[in-house]
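Inside the fold
One letter stands for each residue in the lines below.
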Amino acid sequence: MSDPVIKVNDLTIGWDGVVLQKDACFEIERGSVFAILGGSGCGKSTMMRHLVGLEPLMGGTITINGLKPDSDLTVPARPLFGVMFQSGALLGSLTVGENVALPLQEWTALPADAIGGIVAAKLRLVGLSKAEDKMPAELSGGMRKRAAIARAMALEPDLLFLDEPSAGLDPVSAVELDQLILDLNQQLGLTFVVVTHDLESIFKIGNSCIMLDRESKSIIARGDPRVLRDSSEDPRVHSFFNRTPTEVVTP
């Protein structure tokens, strides 16, 4: 088995001096779809922000592809991963194609025609071949999420972070986005780290997960979400995975 793509050791996270999770330890296997789960206020979105380097660590270490992005002087010039934020975060003044081209213009010296070819290829991968010249405002919510994933893949990372990918989508678009994630994972071998509260999505795409708990400020479950749903004896875990669709868990 290859080395994990991410190793987290004794990690403490929070903001403004408030600890949300302490001494967290977990690994993310290469090629997996790994979900970070938990109820409102447990720190799952904050966990992702720390993993991608947007927040300073309160303690512990994060290693990505053998490197520690917060301290390792050997970290490569281009990002180690791609990120899709919850809203998609496309720049409204640029076309879809121009949004996807941004990382290539920022991090490479490729000529314009080469960048154009890569942009077209990435949009084709996410099913947006005909949307390159459209503005973000012309796209549906699902299409904006797809465009954001194309931009996250522009630099050919083998690791993608997705923050609440199905949030705000209608059921059909959410299912289609889940299938896209599975296709990219299975066909390209990409590793996905997903923050989500959508149970249907968790059970369809996730093959490994951790569940964070607000009260204990710790990881209270880890493993295959379907196994945790069916077999966990922890009432907190059982309740989370077996809640009804009307029981909303706030991101």
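This structure is a prediction, so every number in the text was calculated from the model and none was measured. (Residues numbered from 1 in each chain as written. Predicted model: local features only at pLDDT ≥ 70, side-chain atom pairs only at ≥ 80, totals over all residues. Heavy atoms only, no water.)

This part covers the packing of aromatic side chains. Counting across every chain of the model gives four aromatic pairs. When the ring of F26 is compared with that of F34, the centres are 5.7 Å apart and the planes differ by 10°; the resulting orientation is stacked. One exposure class covers both F26 and F34, and it is buried. Counting every residue linked through ring pairs, the aromatic cluster contains F203, F240 and F241. The side chain of R229 reaches across the aromatic face of F203, ending 4.5 Å from its centre. (Phe/Tyr/Trp six-rings, centres within 6.5 Å; stacked < 30°, edge-to-face > 60°. Buried < 20%, exposed > 50% of the residue type's maximum accessible area, 1.4 Å probe, protein only. Lys NZ or Arg CZ within 6 Å of the ring centre and 35° of its normal.)

A word on the layout of surface pockets. The volume enclosed by the second largest pocket comes to roughly 330 Å³. In this structure, the second largest pocket is lined by 15 residues; those nearest its centre are P79, F81, G82, V83 and A152. Of all the secondary structure elements, the ones that give two or more residues to the lining of the second largest pocket are β5 (82-84), α2 (96-107) and α4 (141-152). The leading source of residues in the lining of the second largest pocket is α4, at three residues. In terms of residue class, the lining of the second largest pocket is built from 13 nonpolar, one polar and one charged. (1 Å grid on protein atoms, 1.4 Å probe; cavity = no way out; pocket = protein on both sides within 12 Å on 5 of 7 lines; lining within 4 Å. Points joined across faces, edges and corners; volume = space filled by probe spheres on them. Helix = DSSP H or I, 4+ residues; strand = E, 2+ residues; numbered from the N terminus. Nonpolar A, V, L, I, M, F, W, Y, C, P; charged D, E, K, R; others polar.)

Pairing is antiparallel in the open sheet, where three strands are placed in the order β2-β1-β4. Each edge of the open sheet carries a strand with a single partner, namely β2 (18-28) and β4 (59-64). If you compare each strand with its neighbour and ignore which way they point, the axes differ by 30° on average. Here strand β1 (residues 6-15) pairs with β4 via five bridges, running antiparallel. Across the sheet, the residue bridging to T12 is G59, located in β4. Across the face of the sheet, helix α1 (residues 44-51) comes into contact with β1, β2 and β4 while running at roughly 120° to β1. (Pairing = 2+ DSSP bridges. Axes fitted to C-alpha atoms, helices over the stretch in contact; angles between N-to-C directions. Contact = heavy atoms within 4.5 Å.)

The phi angle at D16 is positive, at roughly 50°, despite the residue not being glycine. Among the structural elements, D16 can be located in the loop between β1 and β2.

Strands pair in a sheet through their backbones, by hydrogen bonds, and they do so in one of two ways: parallel or antiparallel. Read from one edge to the other, the open sheet built from six strands follows the order β5-β6-β7-β3-β8-β9, with strand pairing classed as mixed. If you trace the sheet from one side to the other, it starts and ends with β5 and β9 (218-223), each paired once. Strand-to-strand twist across the sheet, computed as the mean angle between neighbouring axes with direction ignored, equals 15°. With three bridges connecting them, β5 and strand β6 (residues 159-163) associate as parallel partners. Residue pairing for β6: M84 is matched across the bridge by L162. Sitting on the sheet, α4 is in contact with β5 and β6, with an inclination near 165° to β5.

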